Amino acid sequence: MYMAALYHKPVLLTESVNGLVWNPQGVYVDMTFGGGGHARAILDKLQGGRLFAFDQDEAAAANAEGLELTFIQANFRYLKKYLKLYKVTQVDGILADLGVSSHQFDMPDRGFSTRFQADLDMRMDQSAKQTAQQIVNEYHEEQLQRMLSRYGEVKNARTLARAIVSSRINQPIRTVEDLKKVLAKFAPKGREAKYYAQVFQALRIEVNDEMEALAEMLEQAVDLLVPGGRLVVISYHSLEDRLVKNMMTKGNLAGEIQQDFFGNKLNVLKMITRKPVVPEAEELAENNRARSAKLRIAEKLNVPVRR
Ligand SMILES: C[S@@+](CC[C@H](N)C(=O)[O-])C[C@H]1O[C@@H](n2cnc3c(N)ncnc32)[C@H](O)[C@@H]1O
């Protein structure tokens with residue numbers, strides 16, 4: 001086993017890479033390199049093709065050493081800008097395996113997990129300015145409430161936001177433990193772990209501006225694909241999946257049906273996976289992190305589709 005496999009076990013590997021690589025001489029982009037599991041499988045399929053790999057986490061860069069690819073340590077929201085530096089304006093396929101890697105989640109000092117005593121951090125890009133600690137201690141009550149209900153679907157978001165604000169008056173909330181102490185009073189009995197996970201998910205999405213970055217990347221991805229090109233996305237929660245599904249089925253992030261002058265429905269993408277592909281029982285048994293994964297694949301059309 002190569003070391004990067006310990007960093008992160010790739011999810012839906014065969015299904016996603018088979019859906020992505022249709023032209024072995026083509027140009028491909030892995031938006032979320034991580035441990036490089038998907039990237040290696042893409043490289044195995046290329047014959048004269050080229051692979052670009054993005055990851056905003058400097059810890060991922062070491063996994064790219066020795067691989068025949070161009071690693072770009074940057075947020076994928078700058079996809080077009082970086083590819084332009086390499087004079088690439090069209091690509092054959094784009095893969096995004098969203099969310100955090102096991103490495104990020106399992107390193108106690110990154111502050112992503114409720115399991116460890118650590119400072120509240122949660123930055124995927126460790127050079128970014130805003131940490132989870134700043135958000136918890138500096139956001140207004142209304143901002144906290146919006147974040148908790150929108151990104152964590154926390155039911156008592158208003159009560160919790162108020163409790164966070166009054167707790168931090170006495171003492172700043174610096175660590176995972178500090179935050180869990182505040183949460184403990186509001187978590188439904190017997191379902192504490194799920195409640196903590198919802199709050200931590202909300203914070204993580206906010207710290208990394210994940211929904212905006214995804215939206216910006218998806219729009220650029222559609223522009224960059226050649227006709228026949230593939231967009232392959234693995235998402236891990238319903239907010240991500242909604243954006244991906246809207247883009248693939250309707251051609252826009254809002255999921256609005258767009259029509260031409262004659263009332264024909266327009267979309268530059270055609271969905272390849274009618275329903276999202278989810279991991280088989282065997283994969284789930286081996287990899288608990290795969291449990292919420294949903295894979296969707298779309299193909300770029302020559303002309304907007306008329307239905
Ligand atoms: C689920 S892991 C990908 C694992 C990878 N497919 C593998 O096989 O090892 C997600 C990775 O994407 C990176 N990432 C998430 N959002 C990003 C963004 N907006 N820009 C660049 N990298 C991002 C994370 O830092 C993390 O390393």
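Each chain has its residues counted from 1, running along the sequence as written. Owing to the predicted nature of the model, reporting of local features is limited to residues with pLDDT of at least 70; listing and counting of side-chain atom pairs is limited to 80 or more, with chain, interface and lining totals taken over all residues. Side-chain descriptors were evaluated using all non-hydrogen atoms of the structure, hydrogens and water having been removed beforehand.

Q: Hey, could you run me through the pattern of salt bridges in this one?
A: Think of it this way: side chains of opposite charge can pair up when their charged atoms draw near. Salt bridges are defined as contacts in which a side-chain nitrogen from Lys or Arg sits within 4 Å of a carboxyl oxygen from Asp or Glu. In the structure shown here, the tally under the stated rule is 13 salt bridges. Across the salt bridge formed by Arg 115 and Asp 106, the nearest N and O atoms sit 2.8 Å from each other. Residue class for Arg 115 comes out partly exposed when judged on its relative accessible area of 48%. By sharing partners, the salt bridges in this structure join Arg 77, Asp 209 and Glu 216 into a single network. Partly exposed residues are those whose accessible area sits between 20% and 50% of the maximum for their type, while under 20% is buried and over 50% is exposed, using a 1.4 Å probe and protein chains only.

Q: For this particular structure, what's the right way to read the packing of helix H9 (residues 157-170) against helix H10 (residues 176-184)?
A: Any two packed helices are characterised by the angle at which their axes cross and by the distance between the axes. Running from N to C, H9 and H10 cross one another at 130°; their axes reach a closest spacing of 10 Å. By the angle class used here, H9 and H10 are oblique. As H9 packs across H10, the resulting crossing turns out to be right-handed. Counting all contacts with H9, which are made through Leu 160, Ala 163, Ile 164 and Ser 167, the residues of H10 involved are Leu 179, Val 182 and Leu 183. We call Asp, Glu, Lys and Arg charged. Ala, Val, Leu, Ile, Met, Phe, Trp, Tyr, Cys and Pro are nonpolar, and the rest, Gly among them, are polar. Taken together, the residues of the contact of H9 with H10 sort by class into six nonpolar, one polar and no charged. Axes here mean lines fitted to C-alpha atoms, for a helix over just the part in contact, with angles spanning 0 to 180 degrees between N-to-C directions. The helix count covers DSSP runs of H or I at least four residues long, the strand count covers runs of E at least two residues long, and both are numbered beginning at the N terminus. Small angles under 35 degrees read as roughly parallel and large ones over 145 as roughly antiparallel, with 65 to 115 read as roughly perpendicular and the rest as oblique. Note on convention: near helix rotated counterclockwise from far helix by under a right angle means a left-handed crossing. Clockwise means right-handed. The contact criterion used is simple: two residues touch if any of their non-hydrogen atoms lie within 4.5 Å.

Q: Just checking my understanding: could you explain the nonpolar core for this structure?
A: Across soluble globular proteins, nonpolar side chains show a tendency to be buried alongside one another. Counting 70 residues, the largest nonpolar core has Leu 79 and Ile 94 as the members making the most contacts within it. When residues in this core are grouped by element, the largest group, nine residues, is from helix H12 (residues 210-224). Each domain's limits were defined by an automated method or a database of domain assignments. Both domains that furnish three or more residues to this core are identified here as domain 1 (4-102 + 210-306) and domain 2 (113-208). Once you skip the residues sitting within four places of it in the chain, Ile 94 turns out to touch Leu 20, Val 29, Met 31, Leu 79, Ala 221, Leu 224, Leu 225, Arg 230, Leu 231 and Val 232. We define the nonpolar core as a collection of buried residues of types Ala, Val, Leu, Ile, Met, Phe, Trp, Tyr and Cys that are connected through side-chain atoms lying within 4.5 Å of one another.

Q: I keep staring at the side chain of Ser 101 and nothing clicks. Help me out?
A: Tracing the chain through its elements places Ser 101 in the loop between strand E4 (91-97) and helix H6 (102-106). The class for Ser 101 is buried, based on a relative accessible area of 8%. Beyond its immediate chain neighbours, meaning those up to four positions away, Ser 101 contacts Tyr 7 and His 8.

Q: Please clarify how the packing of aromatic side chains should be interpreted in this entry.
A: Here the distance between the centres and the angle between the planes together describe a pair of aromatic rings. Two rings from Phe, Tyr or Trp (for Trp, the six-membered ring) form a pair when their centres sit within 6.5 Å of each other. Planes less than 30 degrees apart are called stacked, planes more than 60 degrees apart edge-to-face, and all others tilted. Tallying each qualifying case throughout the model produces four aromatic pairs. Between the aromatic rings of Phe 54 and Tyr 82, the centroid separation amounts to 6.2 Å while the plane-to-plane angle is 85°, which identifies the pairing as edge-to-face. One end of the pair, Phe 54, is in strand E2 (residues 50-54); the other, Tyr 82, is in helix H5 (residues 79-85), with 28 residues separating them in the sequence. For Tyr 82, a relative accessible area of 23% puts it in the partly exposed group. Between the NZ or CZ atom of Lys 81 and the centre of the ring of Tyr 78, over which it lies, the distance is 5.0 Å. Definition used: whenever NZ (Lys) or CZ (Arg) falls within 6 Å of the ring centre and also within 35 degrees of the ring normal, the charge is taken to sit over that ring.

Q: How do you make sense of the sheet that holds E2 when you look at a structure like this?
A: Hydrogen bonds between backbone atoms are what pair the strands of a sheet, whose relative direction is either parallel or antiparallel. Criterion used throughout: strands pair if DSSP finds at least two bridges between them. Read from one edge to the other, the open sheet built from seven strands follows the order E3-E2-E1-E4-E5-E9-E8, with strand pairing classed as mixed. Only two strands of the sheet have a single neighbouring strand rather than two, namely strand E3 (70-72) and strand E8 (269-271). Shown here is a sheet whose adjacent strand axes are inclined to one another by a mean of 20°, direction ignored. Where E4 and strand E5 (residues 225-235) come together, six bridges link them in parallel fashion. Each residue of the ladder has a partner; that of Ala 96, found in E5, is Val 233. Together, strand E1 (27-30), E2, E4 and E5 form the strand contacts of helix H3 (residues 37-45), whose direction differs from that of E1 by roughly 165°.

Q: Whenever I open this one, the pairing of E1 confuses me. Can you help?
A: The side chains of a regular strand alternate, first on one face of the sheet and then on the other. Pairing of E1 with E2 involves four bridges; the strand directions are parallel. Directly across from Val 27, in E2, lies its bridge partner Arg 50. For the handedness criterion, the strands are oriented away from the viewer, and a crossover whose path from the first strand over the helix to the second runs clockwise is classed as right-handed. A crossover connection joins E1 to the parallel E2 through H3; in handedness this β-α-β unit is right-handed. Bridge count for E1 against E4 is three bridges, and the pairing is parallel. Among the inter-strand pairings, Asp 30 is bridged to a residue of E4, identified as Leu 95.

Q: Hey, could you run me through the site of the ligand in this one?
A: In the neighbourhood of the ligand, 23 residues make up the surrounding shell, with His 38, Asp 55, Phe 76, Asp 97 and Gln 104 lying closest. Taking Gly 35, its main chain carries an N or O atom lying 2.9 Å from an oxygen atom of the ligand. Identification of polar contacts relies on pairs of N or O atoms within 3.5 Å, with a donor-acceptor requirement for protein atoms, meaning one able to donate a hydrogen and the other able to accept it, and with residues adjacent in sequence counted only if both atoms are side-chain atoms. For the ligand, a nitrogen atom lies 2.8 Å from a polar atom in the side chain of Asp 97. Its free accessible area being 600 Å², the ligand has 98% of it covered by the protein chains. Within the shell around the ligand, the residues separate by chemical class into eight nonpolar, twelve polar and three charged. One heavy atom within 4 Å of a molecule or strand is enough for the residue carrying it to be called near that molecule or strand. Here the accessible surface of atoms and residues is derived via Shrake-Rupley with a 1.4 Å probe, and residues count as covered only by protein chains that are part of the display.

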